[in-house]
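Understanding the architecture of this molecule
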Amino acid sequence: MLVLSRGTAQSVQISNDIEVVVLDIKGDTVKLGFRAPHDVRILRGEIAAQVETSNQSSATDMSHVANLTIPNLEAQS
Amino acid sequence: MSTATDQQAVVIVRFVRPLLGFDDLEFEMSAHPGGYPWFSLHSRDADFPSFLTVDLGAVFDNLEIDIPDDVVADLGTASAADLLILGIVNSNDDFTVNLAGPLVVHPAKGVIAQVVQDRDLPTAAPLKGTS
């Protein structure tokens, strides 16, 4: 892992087309800005990790899915 | 023409944005025997992984899903009417649904994407009526 120290308004360049800018630092929170191509997905790491964990815990085999007794649902907001 | 919502139809879908945690790209999507709004998703390569999914539009009245422009382009349509928004259901314990990583499907084009929402949505939202 590369570790860099950066201050407010300083940036990090990744490859030719991605730039990460430190916008603000308050206490233990850093506000970051990203300049990147539209096809680069930028997500908070913990959200992607939560979705991956959820996918894995929901995965089952074909016969289990086919034989599930499906509950009736009510619409909700 | 058959569609994914036909009871007997099986649609082959290919992930254009990955299903996080899995390398499988091609799945068979079909209506679940339990009827609408339930759908099954099976890997084409093996029995595992398979998923129970639910049409989120049929269950949640006010749910908004953000689909980035590049994903819309890869799905091959800009029309919401062409798309099915599915939530992966965890049926291994209680029936809960992942709202943070919905699956956006364009059945007519055979493409699907997991579109992680960059905001605080639950990965295990209870489904009303399932208790």
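Provided above is the structure to which this section pertains.
Overview of the structure. These numbers were taken from a predicted model, which means no experiment stands behind them. (Residues numbered from 1 in each chain as written. Chains lettered and ligands numbered in written order. Predicted model: local features only at pLDDT ≥ 70, side-chain atom pairs only at ≥ 80, totals over all residues.)

On to the overall build of chain A. When helices and strands are counted, chain A shows 2 helices and 3 strands. Reading the helices (α) and strands (β) of chain A from amino to carboxyl end gives β-β-β-α-α. By the compact-globule yardstick of 11 Å for 77 residues, chain A is too spread out, its C-alpha radius of gyration being 21 Å. When the backbone C-alpha atoms are referred to their principal axes, chain A occupies close to 55 × 30 × 25 Å. Residue burial in chain A is summarised as follows: out of 77 residues, 9% are buried. (Helix = DSSP H or I, 4+ residues; strand = E, 2+ residues; numbered from the N terminus. Rg over C-alpha atoms; globule rule 2.2 N^0.38 Å. Buried ≥ 20, exposed ≤ 12 C-beta atoms within 10 Å, placed from the backbone.)

Our focus in this paragraph is the nonpolar core. Residue and element names in this part refer to chain B. Met29, Leu86, Val104 and Val105 are the most contacted members of the largest nonpolar core, which totals 34 residues. Where this core is concerned, the elements lending two or more residues are strand S1 (10–17), strand S2 (26–31), strand S3 (38–43), strand S4 (50–55), strand S5 (84–90), strand S7 (103–106) and strand S8 (111–114). The element best represented in this core is S5, accounting for 5 residues. (Core = buried A, V, L, I, M, F, W, Y, C linked by C-beta atoms within 7 Å.)

For the rest of this paragraph, the subject is the sheet that holds strand S1 (residues 11–14) of chain A. Adjacent strands of a sheet form backbone hydrogen bonds with each other and so pair up, either parallel or antiparallel. Residue and element names in this part refer to chain A. The 3 strands lie next to each other as S1-S2-S3, forming an open sheet whose pairing is antiparallel. The sheet is open, and its two borders are formed by S1 and strand S3 (29–35), each paired with just one other strand. Put simply, the sheet's adjacent strands are angled 25 degrees from each other on average, direction ignored. (Pairing = 2+ DSSP bridges. Axes fitted to C-alpha atoms, helices over the stretch in contact; angles between N-to-C directions.)

Residue and element names in this part refer to chain A. Here helix H1 (residues 45–58) spans 20 Å end to end across 14 residues, near enough to the 20 Å set by a 1.5 Å rise per residue. Residues of H1 that are buried include every one of Gln50, Val51, Ser54, Asn55 and Ser58, and no others. All buried residues of H1 fall inside an arc of 135 degrees around its axis, so they share one side. Residues Gly45, Glu46 and Gln56 are exposed on H1 and point more than 90 degrees away from its buried face. (Expected span 1.5 Å × (residues − 1). Arc of directions from axis to C-beta.)

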